[in-house]
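What follows is the residue order along each chain.
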Protein chains: 2
Amino acid sequence: MAASERGPRERMVFSAAQLIRRDGVTATGMREVAAHAGAPRGSLQHYFPGGKEQLVNEAVDWAGRYAAGRVGRFLAQLPEPTPSGLFAAMVRQWTDEYRSAGFAGGCPVAAATVDCAEGRDSTRAAAAAAFARWTRPVADALTGMGVPAERAESLATLMISALEGALLIARSERDVRALTTVVRELGPLLDASVVRQASGG
Amino acid sequence: MAASERGPRERMVFSAAQLIRRDGVTATGMREVAAHAGAPRGSLQHYFPGGKEQLVNEAVDWAGRYAAGRVGRFLAQLPEPTPSGLFAAMVRQWTDEYRSAGFAGGCPVAAATVDCAEGRDSTRAAAAAAFARWTRPVADALTGMGVPAERAESLATLMISALEGALLIARSERDVRALTTVVRELGPLLDASVVRQASGG
DNA sequence: CCGGGTCTATGACAGCGGTCATAGTAGCCA
DNA sequence: TGGCTACTATGACCGCTGTCATAGACCCGG
């Protein structure tokens, strides 16, 4: 979650993602983004001539790449790769954040979808692309673990759906219960989908 | 989804829920709610002296009651009650809407959570209450089908999580794929959780 | 010195947001 | 008729939003 000290443009995209995931797209102002990024206000129209829509879209895009990138790192850290282990790692990222930093933020892609699915088509498309970019490495990981290709895609969608929904519930309840629940209940199903190789369950 | 011609107050709450689930909380204006409900603007401060916050909270509350009420009707319509059948019915309500009316609207509770979880605690609490009120009848239905009480609660949370997450994906993609996917993949797991009575597999 | 990029700095604008203040109407009771 | 209550009707206020316009800083090649 920590972007190093890159250029002001990248910092603004990153800040936009952070503010969006906390307050939603509409409630996040351009001036606020610049201030949060420590960037001059004048840079907004310089780097994002497309206005707020461009900034939001890039933030959603960034979030999608970030989530996709995490999948690979989770895989590398797993002692032995199992579907349930991957899912647990994906969810644990959130439970860790919520326990250590509070329930202030959700998923920026979800926020963009809720706020812009109707009325700002480019942002809606950016959210769909982010979900797709996130789903692919998850599905690929599943096939690598021995899940048939057709089911891998479906199970990846199920995993992300359950995670996103549980995030909503957890944030509203200020309790990670929903997150731990979906991991516990979905784990066996995921591991049972492995057909070749010795399944650990 | 159609509220009959009740009083103006109820119409405004209903309209608020509709607009919120389409555009989000922040992007929904008070004047817009009144206009959508065909109610006079002056009635806003009369019926909702607590301002927008009160109106939003009541809309979220209404949505929670509505979702909870649907569960009972779904159960009554099932030829034989199975967990997967109930889940399929819950999801089908959304696929039907999306196929017939387009992908304009999402879940108002999700929208309220995304937009208000941080910064408006009463609305956050209202969302949590709505999720809880929705979860209970689902869990009760599962226990009635023979699911052990401890798992029933967890599976109800899983069902609602998967539904909410799939809603986000479906809306961003403008495709019901994610919804049908979670039904297909989650159904067997749900039915397998029935321990007593003949499971209808 | 000039010219020409990249980036920054402000100020203004027009619009809309929620909310408040105030006045008006309708009906009902005495 | 008067008076009370429920509800409606407007208009104004202030703050904030995204966006535009304009001008300044800074650096580099010539």
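Values in this document were obtained by computation on a predicted structure and should not be read as measured data.

Draft legend 1. Spatial organisation of the relation of the copies chain A and chain B. Mapping chain A onto chain B calls for a screw motion: a turn of 180° about the axis and a shift of 0.0 Å along it, with 0.0 Å RMSD after fitting. When the rotation and shift are considered jointly, the pair of chain copies conforms to a two-fold rotation axis. Most of the interface of chain A is mirrored in chain B: 100% of its interface residues are interface residues there too.

Draft legend 2. Summary view of the packing of helix 9 (residues 177–192) of chain A against helix 8 (residues 149–173) of chain B. The contact between helix 9 of chain A and helix 8 of chain B brings their axes to 9 Å, and the two run at 100°. The angle between the axes of helix 9 of chain A and helix 8 of chain B places the two elements in the roughly perpendicular class. Contacts between helix 9 of chain A and helix 8 of chain B involve Arg177, Ala178, Thr181, Val182, Arg184, Glu185 and Leu186 of chain A from the first element and Arg151, Ser154, Leu155, Thr157, Leu158 and Ser161 of chain B from the second. Of the residues belonging to the contact of helix 9 of chain A with helix 8 of chain B, the class tally is five nonpolar, four polar and four charged.

Draft legend 3. How the structure looks around the protein's contact with DNA strand D. Residues in close proximity to DNA strand D total 16 residues, the closest being Met30, Arg31 and Gln45 of chain A together with Pro40 and Ser43 of chain B. Protein-proximal atoms of DNA strand D, defined as those within 4 Å of the protein, fall in sugar or phosphate at a share of 45%. Between a base nitrogen of DNA strand D and a side-chain N or O atom of Arg31 of chain B, the distance comes to 3.3 Å. One of the side-chain nitrogen or oxygen atoms of Arg41 of chain B is found 2.9 Å away from a base nitrogen of DNA strand D.

Draft legend 4. Representation of the UniProt feature "DNA-binding region" (unreviewed entry) in chain A in the model. Per the UniProt record, the feature "DNA-binding region" (unreviewed entry) sits at residues 29–48 of chain A. In residues 29–48 of chain A, helix accounts for 70% and strand for 0%; the two terminal C-alpha atoms are 14 Å from one another.

Draft legend 5. Just the protein's contact with DNA strand C, in detail. Near DNA strand C, the surroundings consist of 16 residues, among which Pro40 and Ser43 of chain A together with Met30, Arg31 and Gln45 of chain B are the closest. When atoms of DNA strand C within 4 Å of the protein are sorted by moiety, sugar and phosphate together comprise 50%. At 2.9 Å, a side-chain N or O of His46 of chain A approaches a phosphate oxygen of DNA strand C. In this structure, Tyr47 of chain A approaches DNA strand C through a side-chain N or O atom, which is 3.5 Å from a sugar or linking oxygen. For the surface near DNA strand C, the secondary-structure elements that each account for two or more residues are helix 3 (42–47) of chain A together with helix 2 (30–37) and helix 4 (51–77) of chain B. A per-element tally of the surface near DNA strand C places helix 3 of chain A first, with five residues.

Draft legend 6. Broad picture of the side chain of Thr113 of chain B. Relative to the helices and strands, Thr113 of chain B resides in helix 6 (residues 108–116). Not counting residues up to four positions away in its chain, the partners in contact with Thr113 of chain B are Leu168, Arg171 and Ser172 of chain A together with Ala127 and Phe131 of chain B.

Draft legend 7. Molecular detail of the pattern of salt bridges. Applying the stated rule across the entire model yields 24 salt bridges over all chains. The salt bridge involving Arg177 of chain A is made with Glu173 of chain A; its shortest N-O contact spans 2.8 Å. The shortest N-O distance in the salt bridge between Asp61 of chain B and Arg65 of chain B comes to 3.0 Å. With Asp61 of chain B and Arg65 of chain B both in helix 4, this residue pair falls four residues apart, about one helical turn. Assessed through its relative accessible area of 22%, Asp61 of chain B is described here as partly exposed. Several salt bridges share partner residues, and in doing so they unite Glu118, Asp121 and Arg124 of chain A together with Arg174 of chain B into one network.

Draft legend 8. Quick peek at the packing of helix 1 (residues 8–23) of chain A against helix 4 (residues 51–77) of chain A. All names here are of chain A. Look at helix 1 against helix 4: their axes get within 8 Å of each other, and the N-to-C directions meet at 80°. Here helix 1 is positioned roughly perpendicular relative to helix 4, judged by the angle of their axes. Of the residues in helix 4, those in contact with Arg9, Met12, Val13, Phe14, Ala16, Ala17 and Ile20 of helix 1 are Gln54, Leu55, Val56, Glu58, Ala59 and Trp62. The residue inventory of the contact of helix 1 with helix 4, partitioned by class, reads ten nonpolar, one polar and two charged.

Draft legend 9. Highlighting the UniProt feature "domain: HTH tetR-type" (unreviewed entry) in chain A. Here the UniProt-annotated "domain: HTH tetR-type" (unreviewed entry) positions come out as residues 6–66 of chain A. Secondary structure content for residues 6–66 of chain A is 75% helix and 0% strand, and the end C-alpha separation is 16 Å.

Draft legend 10. Spatial organisation of the nonpolar core. Judged by nonpolar contacts, the single largest core of 138 residues is most densely connected at Leu86 and Leu186 of chain A together with Leu86 and Leu186 of chain B. What Leu186 of chain B contacts, discounting residues up to four positions off in sequence, is Leu158, Leu186 and Leu189 of chain A together with Phe87, Leu158 and Ala162 of chain B.

Draft legend 11. Here's a closer look at the side chain of Ser15 of chain A. All names here are of chain A. Its location among the elements puts Ser15 in helix 1. Ser15 gets classed as buried once you look at its relative accessible area, which sits at 3%. Those residues in contact with Ser15 that lie beyond four places of it in its chain are Val33, His36 and Ala37.

Reading the values: the criteria
Residues numbered from 1 in each chain as written. Chains lettered and ligands numbered in written order. Predicted model: local features only at pLDDT ≥ 70, side-chain atom pairs only at ≥ 80, totals over all residues. Heavy atoms only, no water. Least-squares fit on C-alpha atoms with pLDDT ≥ 70 in both. Contact = heavy atoms within 4.5 Å. Axes fitted to C-alpha atoms, helices over the stretch in contact; angles between N-to-C directions. Helix = DSSP H or I, 4+ residues; strand = E, 2+ residues; numbered from the N terminus. Parallel < 35°, antiparallel > 145°, perpendicular 65-115°, else oblique. Nonpolar A, V, L, I, M, F, W, Y, C, P; charged D, E, K, R; others polar. Near = heavy atom within 4 Å. Polar contact = N/O pair within 3.5 Å; in protein donor to acceptor, adjacent residues only side chain to side chain. UniProt positions renumbered as here; feature names shortened; annotations may be inferred. Salt bridge = Lys/Arg side-chain N within 4 Å of Asp/Glu carboxyl O. Buried < 20%, exposed > 50% of the residue type's maximum accessible area, 1.4 Å probe, protein only. Core = buried A, V, L, I, M, F, W, Y, C linked by side-chain atoms within 4.5 Å.

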